[in-house]
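# Analysis of the macromolecular model
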Amino acid sequence: MTAEMIMTMIVLVFVIFLFVSEWVRVDVVGIMMMVLLPLIGLISPKEAFVGLSSNAVCSIIAVIIIGAGLDKTGVMNQVAGPIVKLAGKSEKRVITLISGTVGLISSMMQNIGAAALFLPAAQRIAKRMEVPVSRILMPMGFCAIIGGTVTLVGASPTILLNDLMVLGGKRLEPFGLFTQTPIGLCLLASAIIYFTLFGKFVLPAGEGEADKGVTAALMKEYRALETVFELHVPEDFKGPKTLEELKIRERFLVTVVAISHSAEKEKTFVPRSTDEIRPNDDIAVVGRKKNIITLAQEYGWQIKDGLEVFAESLSRTNAGMAETIVSPRSELIGKTMSEVNFKDLYGINPIALFKGNKIFYSGLTNIRLQMGDTLLLQGPWGKFHILRNRPQPRALSFATPLEGEIMRPQKAKLALGWLGVALFQIIFFKIQLSVALMSGALGMIITGVLSVDEAYRAVDWMTVFLLAGLIPLGIAFEKTGTAAFIAHQILALIGHPTPIVLLAVVGLITSFFTLVVSNVGATVLLVPLCMNMAVMAGGDPRMAALVVGLSASNTFVLPTHQVNALVMRPGGYRTMDYAKAGAVMTVIFLVVEIGVLYMLYGVK
């Protein structure tokens, strides 16, 4: 080994130590690599910052902006809806459906693109189902990576294989589009089974306020509230009766926040006292569970297991609660909410009033408001944003942040159109991925799907600098000859094994290299070496090349793959979370890969 090789290995150990110990954030580790590697002379200053302009990093920035545009226009809500309906309340079904969907999408497009485009939908599904997002994003990310093994065009390493398979000056028989499909499908299925059976043991729980949200926190603070329930009014209900006649708020301290009239197929999200409840209607209420049970027993209504009719409209992504304070120059001072037609004026439901040292849950509309009174309100996020953005003097000041945002459904076709433009360029014109995706992102900004500021806020810059810093480390590994040296030493140690044992060793070597070198770099380096070793062992060099291409996707132990880095921050993962879940996944990947080659491809 040369001095440069030794220094490169020391830097690698140092990086792994920083990842595991978490002394500094992972993006800071990336920035350290940009500075440290040129200072010690392993790479040039120009190479140190090449990661910031790399195809992979620029593609990630562009695809995150495109995903944000699809999310902002409500497209991802439409994607999330069917999955939530199929999954019901089962966390395992959610993991299976999301991971399987992303894995199959990833088989025909870049895995980072599939993961980034589906990331907003996965986050929305987690919020709607009250499932910790950390339980969903890692399985989704792993399956996005594995999805690239299903077809020859699913990932960069397998795309390169046919060009690299040259032995003794002769080009070997190329692989077809679906040559590897049985292996890829078995790998994808094994990953889904692994997470559905053992996910609760290897995935972080992620139970925290970030998962529960502001609305849940507010309900916990107000003791007379617990959650939103949906009730069904049976056909034998002796109605119609108005809310005023039923006295639901006065008698049960329960607030009706939505009514669905089945006959007219209409929904009301700001019910008035004059609104009627009729047979076969569905209503959504907020209050204590025991009070809602008493209400249902009193009137013979049925309590549903969860939100059904209002699942979309009252989901955490579309509606919720906020705490507001009557401002010093508010138009509400000295008036009751009924006098100013509060619900008509703002389109929001008052749930509770905190006045002095008392909290009122009934009779709110007849109490005169004073400066400093606190109102707990419920309604669509769009109405809250309109209220917050009203010109001064504002009637109410917000004491809590808003979870939702103003959606732009009228721009949905434009968002889909620009996504189509980007994909069309990639598929039919073979334009570089970063350029094609950035043109789609730019189109969304120019046509008003997103503002420039919203696009900047959407990008997770921690992910960008993490990847931009790891790319120079991969360059150092290849430039100093460290990667080639390690590969030759390991292959020399194994002597002359049987073909199947050789392929297992090749898979193991590739799995290691793809953690520290880019998957493309590992493939370019190892395919020629491993094909020659296969010939020496009396095996098929094409199968050796295939194992290298597939095993380049076996990168789960560290957050060094673009997809792992992408979901790290949204999922709240630490490096040890990847080590815990990824170590087992790495073993499963190798066992399934070699097992399918043994049983279906005739490698003995």
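Just above sits the structure.
Residues numbered from 1 in each chain as written. Predicted model: local features only at pLDDT ≥ 70, side-chain atom pairs only at ≥ 80, totals over all residues. Heavy atoms only, no water.

### Some remarks on the overall build of the chain
Condition: In DSSP terms, a helix is any run of H or I states spanning at least four residues, a strand is any run of E spanning at least two, and both are numbered starting from the N terminus. Throughout, exposure labels follow a simple rule: accessible area from a 1.4 Å probe, protein chains only, divided by the maximum for the residue type, with under 20% read as buried, over 50% as exposed, and the rest as partly exposed. The protein chains shown are the only cover counted for residues, whose accessible areas, like all others here, come from Shrake-Rupley with a 1.4 Å probe. We score Asp and Glu as negative and Lys and Arg as positive, and we do not count His or the chain ends. In this description, the location of a charge corresponds to atom NZ of lysine, CZ of arginine, CG of aspartate or CD of glutamate.
A tally of regular secondary structure across the chain gives 26 helices and 14 strands. Taken across its 604 residues, the chain has 54% of its residues classed as buried. Total accessible area computed for the chain in this model is approximately 26000 Å², and 62% of it derives from carbon and sulfur atoms. Within the chain, the 44 negative side-chain charges are centred at a point lying 1 Å from the centre of the 52 positive side-chain charges.

### Looking at the nonpolar core
Our working definition: Here, nonpolar core refers to any group of buried Ala, Val, Leu, Ile, Met, Phe, Trp, Tyr and Cys residues whose side-chain atoms link them within 4.5 Å. Between two residues, a contact is recorded if the distance between any of their heavy atoms is within 4.5 Å.
Core analysis: the biggest nonpolar cluster contains 134 residues, and Ile98 and Met140 have the highest contact counts within it. If sequence neighbours within four positions are ignored, isoleucine 98 has contacts with Ile83, Phe118, Ala122, Ile125, Ile136 and Met140. In this structure, Tyr346, Leu353, Ala395 and Leu396 belong to the second largest nonpolar core, which totals 20 residues.

### Structural notes on a nonpolar patch on the surface
In plain terms, the rule: Patches here: salt-bridge-free residues with over 30% relative accessible area, like charges joined within 9 Å, nonpolar side chains (Val, Leu, Ile, Met, Phe, Trp, Tyr) joined within 5 Å. Salt bridges are counted wherever a side-chain nitrogen of Lys or Arg sits within 4 Å of a carboxyl oxygen of Asp or Glu.
Taken together, the side chains of Met1, Ile6, Met7, Ile10, Ile31, Val35, Leu39 and Ile40 present a nonpolar region at the surface, about 730 Å² in accessible area. Breaking the nonpolar patch down by element, the ones donating at least two residues are helix H1 (3-21) and helix H2 (26-39). One can find valine 35 in helix H2.

### Let's talk about the environment of serine 551
Its location among the elements puts serine 551 in helix H24 (residues 541-551). Those residues in contact with serine 551 that sit more than four places away from it in its chain are Gly507, Thr510, Ser511, Thr514, Phe589, Leu590 and Glu593.

### Looking at unusual backbone geometry
Trans is the prevailing form of peptide bonds, just as negative phi is the prevailing case for residues other than glycine. Backbone geometry places lysine 247, a non-glycine residue, at a positive phi of 50 degrees. Counting through the fold element by element, lysine 247 comes out in the loop between helix H12 (243-246) and helix H13 (248-252).

### Looking at the sheet that holds strand E13 (residues 374-380)
What counts, and what does not: Strand pairing is defined by DSSP finding a minimum of two bridges between the two strands. For every element, the axis is a line fit to its C-alpha atoms; helices are fit only across the contacting stretch, and the angle between N-to-C directions ranges from 0 to 180 degrees.
Read from one edge to the other, the open sheet built from 5 strands follows the order E12-E11-E13-E10-E14, with strand pairing classed as antiparallel. The outermost strands of the open sheet, each flanked by one partner alone, are strand E12 (358-360) and strand E14 (396-398). Between one strand axis and the next, the sheet turns by 30 degrees as a mean value, whatever way the strands run. For strand E11 (residues 349-355) and E12, the ladder comprises 3 bridges, and the chain directions are antiparallel. Across the sheet, the residue bridging to leucine 353 is phenylalanine 360, located in E12.

### Regarding the pairing of strand E10 (residues 319-326)
Counting buried positions along E10 gives 7 out of 8 residues, so the element sits mostly inside the fold. Summarising the sheet, E10 and E13 pair through 7 bridges and their orientation is antiparallel. Its bridge partner being in E13, threonine 324 is matched across the sheet by leucine 375. Relative to E14, E10 is paired through 3 bridges, and the arrangement is antiparallel.

### Observations regarding the sheet that holds strand E9 (residues 302-303)
Read across the open sheet, the 5 strands follow the order E6-E5-E8-E3-E9; overall the sheet is antiparallel. For this open sheet the edge positions go to strand E6 (266-268) and E9, each flanked by a neighbour on one side alone. As judged from the 5 bridges shared by strand E5 (residues 255-261) and strand E8 (residues 282-287), these two strands associate in the antiparallel manner. From the neighbouring strand, serine 260 faces E8, where its bridge partner is aspartate 282.

### Observations concerning the environment of glycine 30
Within the secondary structure, glycine 30 sits in helix H2. Taking the relative accessible area as the measure of exposure, glycine 30 reaches 0% and is therefore buried. Along the backbone, glycine 30 and proline 472 are 442 residues apart, and their C-alpha atoms lie at a distance of 9.1 Å. The contact partners of glycine 30, leaving out residues within four places of it in the chain, are Phe465, Leu466 and Gly469.

### Remarks on the state of the cysteines
The following threshold applies: The rule for a disulfide is simple: a pair of cysteine sulfur atoms within 2.5 Å.
Evaluated as defined, the whole model comprises 0 disulfides. Here cysteine 143 stays unpaired: no disulfide links it, and the sulfur of cysteine 186, its closest cysteine neighbor, is 14 Å away. Judged by its relative accessible area of 1%, cysteine 143 is buried.

### As for the pattern of salt bridges
Scanning the model with the defined rule gives 15 salt bridges in all. The salt bridge partner of aspartate 27 is arginine 25, with a shortest N-O separation of 2.5 Å. A relative accessible area of 8% means that aspartate 27 is categorised as buried. You can call arginine 25 partly exposed: its relative accessible area is 45%.

### Considerations on H24
For an α-helix, the turn length of 3.6 residues means that residues three or four places apart are oriented alike. We count it as follows: For the purposes of these results, a polar contact is taken to be a pair of N or O atoms within 3.5 Å, where, inside protein, one atom must be able to donate a hydrogen and its partner to accept one; residues adjacent in sequence count only when each atom of the pair is a side-chain atom.
Burial runs high along H24: 11 of the 11 residues are buried. Pro541, Arg542, Met543, Ala544, Ala545, Leu546, Val547, Val548, Gly549, Leu550 and Ser551 are the residues of H24 that are buried. Its side-chain oxygen 2.9 Å from the backbone nitrogen of arginine 542, aspartate 540 forms the N-cap of H24.

### A few points about the pairing of strand E3 (residues 227-232)
Sheet analysis places E3 next to E8, joined by 6 bridges and oriented antiparallel. Its bridge partner lying in E8, histidine 232 is registered against aspartate 282. As paired elements, E3 and E9 share 2 bridges and run antiparallel to each other. Within E9, the position partnered with leucine 231 by the bridge is isoleucine 303.

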